[in-house]
Amino acid sequence: MFFVRKTTTPTPAHAARLIGLGSYLPPQKVNNADFASRLDTTDEWIRTRIGISERHIADPATATSDLAVEAGLRAMKSAEVEHVDAVILATATPDHHVPGTAPLVAHRLGLRQVPAFDLAVGCSGFVYATTVAAGLIHAGTASTVLVIGAEKMSAVIDPADRSTAPIFGDGAGAVVLTAGYADEPGALGPAAWGSDGEHADAIYIPDGGSRRPLRRTDDLKNRYVHMKGNEVFRHAVRRITQVTQESAAAAGWRVQDIDRLIVHQANARISAAVANTLGIPPERVPSNISQVGNTSAASIPLLLSHSAIDGQLKARQRVLVTSFGAGFTWAATTLLWPIALRALN
């Protein structure tokens, strides 16, 4: 008796695939002259040392959830979907400590009874959130996930602090991820991520948590973000460079094969230092920090959206997104840019 071994074509691995992209910026713009008129700083210093000319600031009646809803609506319209299986909101500025902001966002988007939760990892939050969403999709727990990065940083920044006030802006960006295959354009590659809590006090808000609950006699300055700028800069360049290399290697790419490097928009000099260390030409590193400032967890999706609309992201380009934030935390992932994706601002 003879046995014939059957051969089959391997099935591509399942993956999360990008099908929708949207962003939103509040209409009010604040330029550097506003800070120069009341702080010990100048327009030239802000532009040359940080790379920012203006930023968008939400009005007092607007909350993070309002920004998130606008970006979420645009991402779902871009994806041409009316329903998703889960909502993940990356934010360091929730509407309230309790409850989470994501359930409210899901409700306002008409997504009844879907699981929704916040993820607080600072400026790394969006890439962390897409990694979690990809895990849910890969496990079969969800087939389509809305991931939003939204921040009202103006609510947690001391307007009298020259070291933070000119840096941050408000905004939101969102993507829709759905089940696909690893060899499809738009499929997210393996994530590289990590953290180092030894430096937790380099970017933090001292008061308001369980360690130091708010009291009426507290110094109001301790309710705002405190940042050790030089320490953050040094670690950001090293960690972003490292995690970018790890992410490229996990995807089977050489660093020189990256067509577009999407770096969290914290400081133009950080992005330039990372690109220089990696040997990636400046024209492959899009930037929008000059127009929006540091928008924390909203930074990556805003830059993706703006770069797609500007024509800097084209179908099948090798795109690597990389981030660094409070914690310290860092994360990066890869994708081949989708075909015919329409980003909506």
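Within a regular strand, side chains alternate between the sheet's two faces. Taken across its nine residues, strand E6 (residues 144-152) has nine buried, putting it largely inside the fold. Here E6 shows a buried face lined by Thr144, Leu146, Ile148, Ala150 and Lys152 and a second buried face lined by Val145, Val147, Gly149 and Glu151. Note that strand E4 (residues 86-90) and E6 share five bridges and pair parallel. From the neighbouring strand, Val87 faces E6, where its bridge partner is Leu146. Relative to strand E7 (residues 170-181), E6 runs antiparallel, the two being bridged by nine bridges. Residue pairing in the sheet places Val145 in a bridge with Leu177 of E7.

Summed over the entire model, instances satisfying the criterion amount to one cavity of 30 Å³ or more. As a volume, the largest cavity reaches approximately 110 Å³. Lining the largest cavity are Leu18, Phe126, Val127, Thr130, Val175, Leu177, Leu188, Ile300, Leu304, Val321, Thr333 and Leu335. Sorting elements by how many residues they give to the lining of the largest cavity places helix H5 (residues 125-139) first, with three residues. Broken down by class, the residue content of the lining of the largest cavity amounts to 10 nonpolar, two polar and no charged.

On to the side chain of Thr62. For Thr62, the location among the structural elements is in the loop between strand E3 (54-56) and helix H3 (64-79). Residues contacting Thr62, with those up to four places away along its chain left out, are Leu67 and Lys152.

So, about the sheet that holds strand E11 (residues 260-263). Spatially, four strands are ordered E8-E13-E12-E11 in an open sheet, and the strand pairing comes out mixed. Either end of the sheet is taken by a strand with one partner, and the two such strands are strand E8 (192-195) and E11. Taking each pair of neighbouring strands and ignoring which way they run, the sheet shows an average axis angle of 10°. In this sheet, strand E13 (residues 329-336) lies alongside strand E12 (residues 318-325) in antiparallel orientation, the contact comprising eight bridges. Bridge assignment links Gly325 to a residue of E13, and that residue is Thr329.

The next subject is the packing of aromatic side chains. Using the criterion set out here, one finds two aromatic pairs in the structure. Consider the rings of Tyr128 and Trp193, whose centres lie 4.8 Å apart with planes at 55°: the pair is tilted. Remark: Trp193 occurs in strand E8 and Tyr128 occurs in helix H5; sequence separation between them is 65 residues. Note on Tyr128: relative accessible area 14%, which makes it buried. Taking the relative accessible area as the measure of exposure, Trp193 reaches 41% and is therefore partly exposed. Between Phe324 and Phe328, the ring centres sit 4.8 Å apart and the planes meet at 45°, which makes this aromatic pair tilted. The ring of Trp45 carries the charged tip of Arg162 above its face, separated from the ring centre by 5.2 Å.

Reading guide: rules and limits
Residues numbered from 1 in each chain as written. Predicted model: local features only at pLDDT ≥ 70, side-chain atom pairs only at ≥ 80, totals over all residues. Heavy atoms only, no water. Buried < 20%, exposed > 50% of the residue type's maximum accessible area, 1.4 Å probe, protein only. Helix = DSSP H or I, 4+ residues; strand = E, 2+ residues; numbered from the N terminus. Pairing = 2+ DSSP bridges. 1 Å grid on protein atoms, 1.4 Å probe; cavity = no way out; pocket = protein on both sides within 12 Å on 5 of 7 lines; lining within 4 Å. Points joined across faces, edges and corners; volume = space filled by probe spheres on them. Nonpolar A, V, L, I, M, F, W, Y, C, P; charged D, E, K, R; others polar. Contact = heavy atoms within 4.5 Å. Axes fitted to C-alpha atoms, helices over the stretch in contact; angles between N-to-C directions. Phe/Tyr/Trp six-rings, centres within 6.5 Å; stacked < 30°, edge-to-face > 60°. Lys NZ or Arg CZ within 6 Å of the ring centre and 35° of its normal.

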